[in-house]
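Fold and contact review
Below, each chain spelled out in residue letters.
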Amino acid sequence: MNFGKILITGGAGFLGSQLVQKMLPLSDHIYIIDDLSTGNRSSIPKDSKITFYHDSITNEDILDEVLPKVDYIFHLACKNLVLSYNNIRDDFETNLYGGLLLLQKSQSLSPKLKRFIYTSTASVYGNATILPTPESYYNIKLPYSASKFSTEHYCHVYHHIYSLPVTILRLSNVYGPGQLISNPYCGVVAKFFDSAKHGKPMTIFGDGKQTRDFTYIDDALEAIVLAATQNKAIGQVYNVSTGKETSVIELAEEISGICGLEHVALQFGAKRDVDIVQRRCLDNNKLIDLGWKCTNDIHSGLTKTFAWLKRGET
Ligand code: UD1
């Protein structure tokens, strides 16, 4: 499969940079737009097939230049959960206005467009009362959830009015190689591995009994590629998750075991303002029906992440 020319917004972030690496052999050219607010320039491979724009997705001149060329758009760029809480207007401008702008300009400027993939989030489920949570559920309490969910709605609008070929993926707590501790907003998995490496206690916000559905990066990337290639996925929303819960304490224990620590060193701190989710577990059957397979459970994913971290040290 060759994807031709593609745009990856947020291509310097964790998920974005791993998608760039995966798509490099599968495409003719990759355009990346990333403002490096949390992404990292060095995460992008140096390759003549990549054009990098260090700017916001709301820069219309860049969109006008790039969008006429592309066959596929992978829209990953966003302000994250914590940043969004601290600056609702910024969240609105990037996550919602930026998303709308991209949809509007793709519709008018990208005649060759075969797919617009939008990576949304399990955060649209808030503290769900149905577990595993199906795609039909929502519970919007935080600015990040509001802007990401609203952009999903605009995806549907552009699909309905203009037949724009959109697919929405709701990703759940993706972790693995490429998740960098240099990003202060990185996820708990990278933080716990870093504590283990430095012989420091892992900091648990709250009692640690809260659960998440941790998804290994390779499984998330497979979902993105699959969703981009299946006609059936046009106009659809899919959860990307393992369908299994792991508590934060269990995560700390797993990581300690994999790192070969003799005991699990923990320290407890107050919950963050954004910590409103006690349990997260997403129903992934719709994506499985599309042909996806979750290949890594938490132990396998963490073991591979540890191997990647070890390789980085040598
Ligand atoms: C994550 C994503 C968010 C995404 C959402 C749904 C990250 C950074 N954020 O939010 O973008 O929309 O999942 O996919 O990946 N915790 C600790 N100690 C720490 C760090 C975190 O105890 O040092 C706890 C948190 O309080 C929380 C859990 O671990 O209960 C997960 O936190 P985090 O990795 O930040 O992810 P989410 O908040 O779930």
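Keep in mind that what you see is a predicted model, and the values were worked out from it rather than measured. (Residues numbered from 1 in each chain as written. Predicted model: local features only at pLDDT ≥ 70, side-chain atom pairs only at ≥ 80, totals over all residues. Heavy atoms only, no water.)

Around the ligand, the structure places 23 residues, and the nearest of them are Thr121, Val188, Thr203, Arg212 and Asp275. Contacts to the ligand include Asn173, whose backbone N or O atom sits 3.0 Å from an oxygen atom. Gln210 places a side-chain nitrogen or oxygen 3.0 Å from an oxygen atom of the ligand. For the shell around the ligand, the residue count by class is 11 nonpolar, seven polar and five charged. The two domains that each donate at least three residues to the shell around the ligand are domain 1 (5-173 + 215-240) and domain 2 (177-213 + 244-280 + 296-313). (Near = heavy atom within 4 Å. Polar contact = N/O pair within 3.5 Å; in protein donor to acceptor, adjacent residues only side chain to side chain. Nonpolar A, V, L, I, M, F, W, Y, C, P; charged D, E, K, R; others polar. Domains from an automatic or database assignment.)

Let's shift gears to the domain arrangement of the protein. The accessible area lost on association of the parts is a frequent measure of interface size. By domain assignment, the protein separates into domain 1 (5-173 + 215-240) and domain 2 (177-213 + 244-280 + 296-313). Put simply, the middle of domain 1 and the middle of domain 2, counted by C-alpha atoms, are 25 Å apart. Counting from both sides, the interface comprises 23 residues of domain 1 and, opposite them, 21 residues of domain 2. For the pair domain 1 and domain 2, the summed buried area comes to about 2000 Å², and 58% of that belongs to carbon and sulfur atoms. By the criterion of area lost to domain 2, the three top residues of domain 1 are Phe14, Leu131 and Tyr216, representing 27% of everything that side buries. At the junction of domain 1 and domain 2, the tally comes to zero salt bridges. Our count for the contact surface shared by domain 1 and domain 2 stands at four residue pairs in polar contact (both at pLDDT 80 or more). For the side of domain 1 that touches domain 2, a count of residues per class yields 10 nonpolar, 11 polar and two charged. (Contact = heavy atoms within 4.5 Å. Buried area = accessible area lost by both parts, 1.4 Å probe. Salt bridge = Lys/Arg side-chain N within 4 Å of Asp/Glu carboxyl O.)

Attention now goes to unusual backbone geometry. A cis amide bond links Leu131 to the next residue, Pro132, at an omega of -15°. Within the secondary structure, Pro132 is located in the loop between strand S5 (115-121) and helix H5 (143-162). A positive phi angle is found at Leu36, which is not glycine, with a value near 60°. Following the sequence through the fold, Leu36 ends up in the loop between strand S2 (29-34) and strand S3 (50-54). Despite not being glycine, Asn173 has its phi angle at roughly 40°, a positive value. Mapped onto the elements, Asn173 comes out in the loop between strand S6 (166-171) and strand S7 (174-175). (Helix = DSSP H or I, 4+ residues; strand = E, 2+ residues; numbered from the N terminus.)

With 22 residues, helix H4 (residues 88-109) should reach 32 Å at 1.5 Å per residue; the first-to-last C-alpha distance of 29 Å fits that figure. Where H4 bends most, at Tyr97, the angle is about 30°. If you check which residues of H4 are buried, you get Asp91, Thr94, Asn95, Leu96, Gly98, Gly99, Leu101, Leu102, Leu103, Lys105 and Ser106. (Expected span 1.5 Å × (residues − 1). Bend = angle between axes of the 7 residues up to and from the residue. Buried < 20%, exposed > 50% of the residue type's maximum accessible area, 1.4 Å probe, protein only.)

Attention now goes to the pairing of strand S8 (residues 202-205). Burial of the side chains of S8 is restricted to one face: Met202 and Ile204 are buried, whereas none of Thr203 and Phe205 on the reverse face is. Where S8 and strand S13 (residues 266-269) come together, four bridges link them in parallel fashion. When the sheet's bridge partners are listed, Ile204 is paired in S13 with Phe268. (Pairing = 2+ DSSP bridges.)

As a further point, take the nonpolar core. Residues Ile8, Leu15, Met23, Ile30, Phe74 and Leu302 are the most contacted members of the largest nonpolar core, which totals 53 residues. Of the residues forming this core, the biggest block, nine residues, is contributed by helix H7 (residues 217-229). When residues of this core are assigned to domains, at least three fall in each of domain 1 (5-173 + 215-240) and domain 2 (177-213 + 244-280 + 296-313). Aside from chain neighbours lying at most four places away, what touches Leu302 is Tyr175, Val189, Phe193, Leu251, Glu254, Ile255 and Ile258. In this structure, Ile57, Ile62, Leu67 and Tyr158 belong to the second largest nonpolar core, which totals 24 residues. (Core = buried A, V, L, I, M, F, W, Y, C linked by side-chain atoms within 4.5 Å.)

Looking now at the sheet that holds S6. Spatially, S3-S2-S1-S4-S5-S6-S11 is the arrangement adopted by the seven strands of the open sheet, whose pairing is parallel. Because the sheet does not close on itself, it has two edges, and the strands there are S3 and strand S11 (237-240). Each strand axis lies, on average, 15° off the axis of its neighbour in the sheet, ignoring direction. As paired strands, S5 and S6 are joined by six bridges and run parallel to one another. (Axes fitted to C-alpha atoms, helices over the stretch in contact; angles between N-to-C directions.)

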